[in-house]
Amino acid sequence: MAVPRKILCTVDRIVDHGAHVYTLELSSLSALTAFKPGQFLHLALDPYEPGSFWPESRVFSIASCPAQRDHLSITYSVVGSFTKKMEQKLKTGSKVWVKYPYGDFFIQNESDVVLIAGGTGITAFTAYIDGLTPDHQHSVSLFYGARSWDLLIFKPLVEQKIKEVPALTAWYFIEEGEPNEIEYVFSGRISVQTIIPKIVHPQETDFYISGPPAMIKNLSLDLKLHDINPEHIRTDAWE
Amino acid sequence: MTETREEILSAVTAYYQEKFGKKPDFRPGVDVVHYAGRVFDAEEMLLLVDSSLDFFLTANRFSEQFEAEFADFLGVNNAFIVNSGSSANLIAVSTLTSPSLRDRQLKPGDEVITVAAGFPTTVAPIVQNQLVPVFVDVNLGDYTAKPEMLESAISSKTKAIMMAHTLGVPFDLQTVMYLAKKYNLWVIEDNCDALGSEYESKLTGSFGDLASHSFYPAHHITMGEGGCVVAKDDQLARIARSFRDWGRDCYCAGGENNTCGKRFSQQFGSLPFGYDHKYVYSHIGYNLKATDMQAAVGVAQLKKLPSFIEARKNNFNDIFHGLEKYSDRLILPVATTNSNPSWFAFVITVRENAGFTRNQLTSFLESKKIETRNVFSGNLLRHPAFMNIDHRIVGDLNNSDIVTQQSFFVGVYPGLSKAQMDWMIQCFDEFMEVN
């Protein structure tokens, strides 16, 4: 990965998606370091003095596209004490330190791919999806689930890209409430039983899973039970 | 910054002026004309002291800054500091032995094409990793591998090419990269002597899968002791970092935790699930890290690199013009085709019919306080350490032996003044008149 840098950022915008899910847009006076789709950053709330120890931080996928060099964005849901502190402390204009880029959760472009995203796990894929071009050769099948319709926060991006990129298709899963559209939307959680029939050559497809640890564990197991080679399953699991 | 810190740094600048600010006039025949040396101003001392006042000691803000700026300079993605160019070479070769490279992994008995006339620690890592060096001879004049010998050096066991851009002259990268692609070979550039050299208008160190750099004081920039590995590919960079950092799988910077976000939630080898990732070892590695203080000096030096490169080229041209009238007796250095060297030194080979030996000339120059150096090891295979290594030679090493017997270099480093350069040429003139 490119040399990680520590950068002081300003919170330019906070989007409240409801249900304690937020998107932060960050900018900096220093040049933002380049990164690759699928990489992540560390975000620290406490002050950091270069030359001293890095403060407590958490990892977040970089949701914005690498081509956007003037800001970074992350999407997070409040699940623990750190993200709770983020919810309480961060306001427009707040200063945070980030260090990035890290990670090797890169989607290879040499075969058909299935992207399975649960909740804010979609942010591991958004930069990749945003970067897809109309001439993309292999199929990209996205299975994107969230608690509710409103929490499919990147559905507008996905739908826009579907119009531009013939190789991209998407199915949505919502756990609560009725779907607003019928086609391509399922009630309940993402399941391998729903995914596999939609894939032309599942044994030759690479599967990428990003989301809550329990979802990753269960889906990985299920894929293996459906004879998917473990070497074709990559996960983006954090503590 | 505290007031005390500011006072300290201000005192450093004043000290620099006192101790190093005034350079005495050069006294020909009295003052040594060094072949190389550190060239610095107050900035290096300031940043070194600034880093020491952090007292973080291990890699921190200056390492991060240097690595990012060095990567930008070369136009590569991955760069990380090590404690020497030799360590950088060791890491580069060791990286290719990682099992995670699967069928491209270098295994004991695999061959690596290299040259015998060079620096020992370009070849030593090949031997240390139980690989077999395959030696090709060099050209006289540019001292790089004979490109016409390279393809014939390749066998079914050949897996990599590792060579240095000796003394700043790029080897034939067009041929090397072509062969690497054709035969699926790894390429390691030992760029220790050649920071700033270009081949087809692209910087050396940015072509191969991996490249090494040295920041020993004789080199283009210095950290005192220091080096850098650059890697094209993220996977290679991760492996190389592992070899640098005790062989561990973790890639946290010093003093940091859980960079991967999965510190206690992975399973490796037959370790219990969740074994602390900071102490999982995926390679049999080393500790070859450098301190932040070394990096601080490097940050200051990197800013001066463009002017250093230009000065080296200018000094080279001055010596060349001064000595070209002796080209019937001295083989003067030349650049390889399509290259623009950032010269490490001015290499001379005394011709067979010169009427004098290399040692006679160098003894004379040394008596005039002009430092000279042999071209490092000359033919490595003649050294006690390398005489009995497992190896293969393609063709002969006649030129490598000539380099051993008849070649030497003088300096072109940026610290040389016009007066020193003029004295150097004057001494050559004096020698040639009577020999």
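What comes next is a walk through the structure.

Basis of the calculations
Residues numbered from 1 in each chain as written. Chains lettered and ligands numbered in written order. Predicted model: local features only at pLDDT ≥ 70, side-chain atom pairs only at ≥ 80, totals over all residues. Heavy atoms only, no water. Helix = DSSP H or I, 4+ residues; strand = E, 2+ residues; numbered from the N terminus. Rg over C-alpha atoms; globule rule 2.2 N^0.38 Å. Contact = heavy atoms within 4.5 Å. Areas by Shrake-Rupley, 256 points an atom, 1.4 Å probe, with all protein chains shown as cover. Lys, Arg positive; Asp, Glu negative; His and termini not counted. Charge placed at Lys NZ, Arg CZ, Asp CG, Glu CD. Buried < 20%, exposed > 50% of the residue type's maximum accessible area, 1.4 Å probe, protein only. Pairing = 2+ DSSP bridges. Buried area = accessible area lost by both parts, 1.4 Å probe. Salt bridge = Lys/Arg side-chain N within 4 Å of Asp/Glu carboxyl O. Polar contact = N/O pair within 3.5 Å; in protein donor to acceptor, adjacent residues only side chain to side chain. Nonpolar A, V, L, I, M, F, W, Y, C, P; charged D, E, K, R; others polar. Patch = residues over 30% accessible without salt bridge, like charges linked within 9 Å, V, L, I, M, F, W, Y side chains within 5 Å. Axes fitted to C-alpha atoms, helices over the stretch in contact; angles between N-to-C directions. Parallel < 35°, antiparallel > 145°, perpendicular 65-115°, else oblique. Left-handed = near helix turned anticlockwise from the far one by under 90°. Phe/Tyr/Trp six-rings, centres within 6.5 Å; stacked < 30°, edge-to-face > 60°. Lys NZ or Arg CZ within 6 Å of the ring centre and 35° of its normal.

### Quick notes on the overall build of chain A
Then, number 1: From N to C terminus, chain A includes 5 helices and 12 strands.
Then, number 2: Whereas a compact globule of 239 residues would reach a radius of gyration of roughly 18 Å, chain A reaches 18 Å, a difference of no more than 12%.
Then, number 3: Considering only residue pairs separated by 6 or more positions, chain A has 68% of its internal contacts joining residues 24 or more positions apart.
Then, number 4: In the structure as shown, chain A presents an accessible area of about 11,000 Å², 52% of it carried by carbon and sulfur atoms.
Then, number 5: With 21 positive and 28 negative side-chain charges, chain A shows a separation of 8 Å between the mean positions of the two kinds.

### Re unusual backbone geometry
Then, number 1: Going from A:Tyr100 to A:Pro101, the amide bond is cis rather than trans, its omega being 5°.
Then, number 2: Mapped onto the secondary structure, A:Pro101 falls in strand 6 (residues 95–102).
Then, number 3: The phi torsion at B:Glu200 lies on the positive side, around 50°, for a residue other than glycine.

### Observations regarding the pairing of strand 3 (residues 40–44) of chain A
Each regular strand carries side chains that alternate between the two faces of the sheet.
All names here are of chain A.
Then, number 1: In terms of burial, strand 3 is largely enclosed, as 5 of its 5 residues are buried.
Then, number 2: Relative to strand 6, strand 3 is paired through 4 bridges, and the arrangement is antiparallel. Each bridged residue has a counterpart across the sheet, and for Phe40 the counterpart in strand 6 is Tyr102.

### Observations concerning the interface of chain B and chain A
Then, number 1: Listed as interface residues are 26 residues of chain B and, on the opposing side, 26 residues of chain A.
Then, number 2: Carbon and sulfur atoms supply 44% of the area buried between chain B and chain A, which totals about 2,100 Å² over both sides.
Then, number 3: Among the residues chain B hides against chain A, the three largest losses belong to B:Glu64, B:Asp234 and B:Glu256. Together they make up 26% of the total.
Then, number 4: A:Lys6 is the salt-bridge partner of B:Glu256, the closest N and O atoms lying 3.0 Å from each other.
Then, number 5: Taken together, chain B and chain A are joined by 8 residue pairs in polar contact (both at pLDDT 80 or more).
Then, number 6: For the side of chain B that touches chain A, the elements supplying multiple residues, two or more each, are helix 3 (61–74), strand 1 (78–82) and helix 8 (234–244) of chain B.
Then, number 7: With 6 residues, the single largest contributor to the side of chain B that touches chain A is helix 3 of chain B.
Then, number 8: By residue class, the composition of the side of chain B that touches chain A is 7 nonpolar, 9 polar and 10 charged.

### Here we look at the environment of B:Leu203
Residues and elements named next belong to chain B.
Then, number 1: Assignment of secondary structure puts Leu203 in strand 7 (residues 202–203).
Then, number 2: Counting along the chain gives 129 residues from Leu203 to Leu74, while the straight-line C-alpha distance between them is 6.3 Å.
Then, number 3: Look past the residues within four positions of Leu203 in its chain and what remains in contact with it is Phe73, Leu74, Gly196, Ser197 and Glu198.

### A few points about a nonpolar patch on the surface
All names here are of chain B.
Then, number 1: Taken together, the side chains of Trp246, Leu271, Tyr275, Tyr279 and Tyr281 present a nonpolar region at the surface, about 530 Å² in accessible area.
Then, number 2: Assignment of secondary structure puts Tyr279 in the loop between helix 8 and helix 9 (292–323).
Then, number 3: Taking relative accessible area as the criterion, Tyr279 reaches 48% and is therefore assigned partly exposed.

### A short note on the pattern of salt bridges
Pairs can form between side chains of opposite charge whenever their charged atoms are close.
Then, number 1: Throughout the structure, instances matching the rule amount to 31 salt bridges over all chains.
Then, number 2: The partner of A:Lys6 in a salt bridge is B:Glu64, with the nearest N and O atoms 3.1 Å apart. Placement of the pair is A:Lys6 in strand 1 (residues 5–18) and B:Glu64 in helix 3, with the two residues belonging to separate chains. With respect to class, A:Lys6 is no different from B:Glu64; both count as buried.
Then, number 3: Across the salt bridge formed by B:Asp50 and B:Arg5, the nearest N and O atoms sit 2.8 Å from each other.

### Some details on the packing of helix 2 (residues 123–131) of chain A against helix 3 (residues 155–164) of chain A
Residue and element names in this part refer to chain A.
Then, number 1: Two elements in contact, helix 2 and helix 3, have axes separated by 10 Å at closest approach and are oriented at 25°. By the angle class used here, helix 2 and helix 3 are roughly parallel. By crossing handedness, the relation of helix 2 to helix 3 is classed as left-handed. Residues Thr126, Ile129 and Asp130 of helix 2 pack against Leu157, Val158 and Lys161 of helix 3.
Then, number 2: Across the contact of helix 2 with helix 3, the residue classes break down as 3 nonpolar, 1 polar and 2 charged.

### A closer look at the packing of aromatic side chains
Then, number 1: The final tally for this structure, using the stated rule, is 33 aromatic pairs over all chains.
Then, number 2: Centroid distance A:Phe173 to A:Phe186: 5.2 Å. Interplanar angle 25°. Geometry classified as stacked. Of this pair, A:Phe173 sits in strand 9 (residues 168–174) while A:Phe186 sits in strand 10 (residues 185–187), placing them 13 residues apart in sequence.
Then, number 3: A:Phe186 gets classed as partly exposed once you look at its relative accessible area, which sits at 26%.
Then, number 4: Among the aromatic residues, those joined into a cluster by ring pairs are A:Phe143, A:Trp171, A:Phe173, A:Tyr184 and A:Phe186.
Then, number 5: A cation sits over an aromatic face here: B:Arg241 above B:Phe80, 4.9 Å from the ring centre.

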